[in-house]
Amino acid sequence: MKLKGVFAKSNSGKSETSTEEWLEITIGNFGKWQCWISFLLSLFKFPIAWVQMSIIFLARSTQFWCSQPIEFSNMTEQQWVEFSRPSGEKYDLNQLNNGFCNMKDLSGGNESLPCSDGYDYNRTVFESSIITEWDLICGKERLVDVSQIILMSGILIGNILFGLYADRYGRKIILIICIVIQTIFGFIASWSPWYWGFVISRFLVAVANGGTLVVSFVMCVEIVGGKWRAIIPILVQTPFGIGYSFMGVLAYYIRNWRQFQYTLSAISALFLWYIWLIPESPRWLFVKGRQMEGRRILEKAAKFNGIKTEVFEQNFEKLSSLPTDTKKPSFGDLFSTPILAKRTIWLCLIWFFDGISFFTITQYVGHVGQNIFLTVIAGGFLTIPGQLICLYMIDKFGRRNTIASWTLVSAVCFLSIIYFPKGMYPHDWQRLTLTGIGIIGVSISLCAVYLFTGELLPTVIRNTGLGLCSVCSRIGSMLAPLIISLHDIAPFLPLLLLGIFNVIEFFLLLMLPETAGTHLPEVISDLEVKKYKSKKHKNNNDYVAVPTVGDPKV
């Protein structure tokens, strides 16, 4: 029996079935099995958020002063601070990073002396942090930034390394390796008695975290089809905001940085159960020619979805061969054809600007409120409306149009904030409103660009391509602190740059094709073949209509 619309003629004359129809025919585009696996994979967003954002609580700035010698122990803390304060120095309890690196000469001299007994800290909000643990003050402040830059570089390396290995050796095995590394070194980071031991441990956690970020998302894209290919990759992003908010709640109750880091690592260790809970991606198995393994997973999925065994076998027998590519992927493959090279370059630039925008604006919001716990909790939940709006718009208006329109909205918001100077209006409501809309716009762009990128790249190099794009995003995130520091030169500069970057991203998006309603490309040749077939279809009835993934201009 010939399945209408399923087969397309290959160059060899043999019919091939795309995995898009193959998935629909065997187990359906979406069922209980896909729902369960997608839910499990979405939970990875919790540790992803914790690793990337926990520095907010691990290194919270606080007031400090020289430790009180024993002979002055009869003084209260406030009396000692005032007594030991160097001449001419001011101390403001409302300033977080405010303190003295020296103290006055207690013998009556006019000179300021080093703190011979070390430092004490205001522990009203936090019992301890990495700042209080290793005295990252008085010339050592930059070590906090160094630790975060090293962490982001770890995520960057993980995106590249594990993205490539997942295309070569499989999604599941790489995901499990990442979970093990993340668990082990997460605990080590909480126990480390040395600053550099903490930094190196967190770097290795970040490498593994970068792998789980890319691989878990790709698996979600590959197990669903039809309209669900747009819905599920967006919904699985939601736990990131929830995890970010949950971290704020956890930090409120756990004010000791070691206990906080240990608790996050202990919760993340629960993902070790995924060794038994998640399967390999059947799409990847079939593309790599491992048909029997893929069929066994599909049989279990069909049973979970309520499809009878005999029905599954009948449907499976109707299918023709699938396009395969057993060649080991490399980054060079992303530039192996003109169409793919252009897509890769434009996507890398888009992710770069998205990384700058997201991390810059979220840090900008972090300076708005005085209550760090409330600010983080609210900031996490603020990303959720953007994801729900994204879910509606990508189905209604397409992927590219959704990203482009909200990128432009964000640009307008960032540039408009410049015209409302801080403190001019009550509670700065105009600035806060525009900032909130800008964050929603950036959240929508980030959600949709994950899906958009996954649909533009073939299965055999999808992880590799997403890994490279994530690297560009991480490079952008590293530039965020530098952009924010331009506020000291001129308050409008960070917002001006954000506006310009988003306008550039808007025009880059217009150079890529829309992917809504198209099949996922499986092998690199699909980008050329499908374009060729769509052209041939106009004059040759031997070719069955196949939705075009490539655009003749791309």
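Residues numbered from 1 in each chain as written. Predicted model: local features only at pLDDT ≥ 70, side-chain atom pairs only at ≥ 80, totals over all residues. Heavy atoms only, no water.

Identification of the chain as Major facilitator superfamily (MFS) profile domain-containing protein from Cryptolaemus montrouzieri is taken from an unreviewed UniProt entry. Under the Subcellular location (unreviewed entry) heading, UniProt states for the chain: "Membrane". (UniProt positions renumbered as here; feature names shortened; annotations may be inferred.)

Further remarks concern the overall build of the chain. A tally of helices and strands in the chain yields 23 helices and six strands. Here the chain holds 554 residues, and 55% of them are scored as buried. Across the chain, contacts joining residues at least 24 apart in sequence account for 79% of those joining residues at least 6 apart. Carbon and sulfur atoms make up 63% of the accessible area of the chain, which totals about 24,200 Å². (Helix = DSSP H or I, 4+ residues; strand = E, 2+ residues; numbered from the N terminus. Buried < 20%, exposed > 50% of the residue type's maximum accessible area, 1.4 Å probe, protein only. Contact = heavy atoms within 4.5 Å. Areas by Shrake-Rupley, 256 points an atom, 1.4 Å probe, with all protein chains shown as cover.)

To continue, consider the side chain of Asp 354. Following the sequence through the fold, Asp 354 ends up in helix α17 (residues 338–366). Look at Asp 354: it is buried, it has no salt bridge, and the nearest opposite charge is Arg 474 at 11 Å. (Lys, Arg positive; Asp, Glu negative; His and termini not counted. Salt bridge = Lys/Arg side-chain N within 4 Å of Asp/Glu carboxyl O.)

In the structure shown here, the tally under the stated rule is six salt bridges. Note that Glu 455 is salt-bridged to Arg 399, the shortest N-O span being 2.8 Å. In this pair, Glu 455 is assigned in helix α20 (residues 429–456) and Arg 399 in helix α19 (residues 399–417), connecting sequence segments 56 residues apart. Taken as a pair, Glu 455 and Arg 399 share a single burial class, namely buried.

Turning next to the nonpolar core. Phe 44, Phe 57, Ile 130, Phe 198, Phe 260 and Tyr 274 are the most contacted members of the largest nonpolar core, which totals 133 residues. Ranked by residues supplied to this core, first place goes to helix α9 (residues 195–222) with 15 residues. Phe 198 has contacts with Leu 58, Ile 130, Trp 134, Ala 189, Ser 192 and Trp 257, leaving out every residue within four places of it along the chain. Among the nonpolar cores identified, the runner-up in size contains eight residues, and Trp 65, Val 81, Phe 100 and Cys 115 belong to it. (Core = buried A, V, L, I, M, F, W, Y, C linked by side-chain atoms within 4.5 Å.)

In this section: the packing of α19 against α20. Their axes nearest at 8 Å, the elements α19 and α20 cross at an angle of 155°. The orientation of α19 with respect to α20, classified from their angle, is roughly antiparallel. Regarding α19 and α20, the two cross each other, and that crossing is left-handed. Partitioning the contact of α19 with α20 into residue classes produces 15 nonpolar, eight polar and four charged. (Axes fitted to C-alpha atoms, helices over the stretch in contact; angles between N-to-C directions. Parallel < 35°, antiparallel > 145°, perpendicular 65-115°, else oblique. Left-handed = near helix turned anticlockwise from the far one by under 90°. Nonpolar A, V, L, I, M, F, W, Y, C, P; charged D, E, K, R; others polar.)

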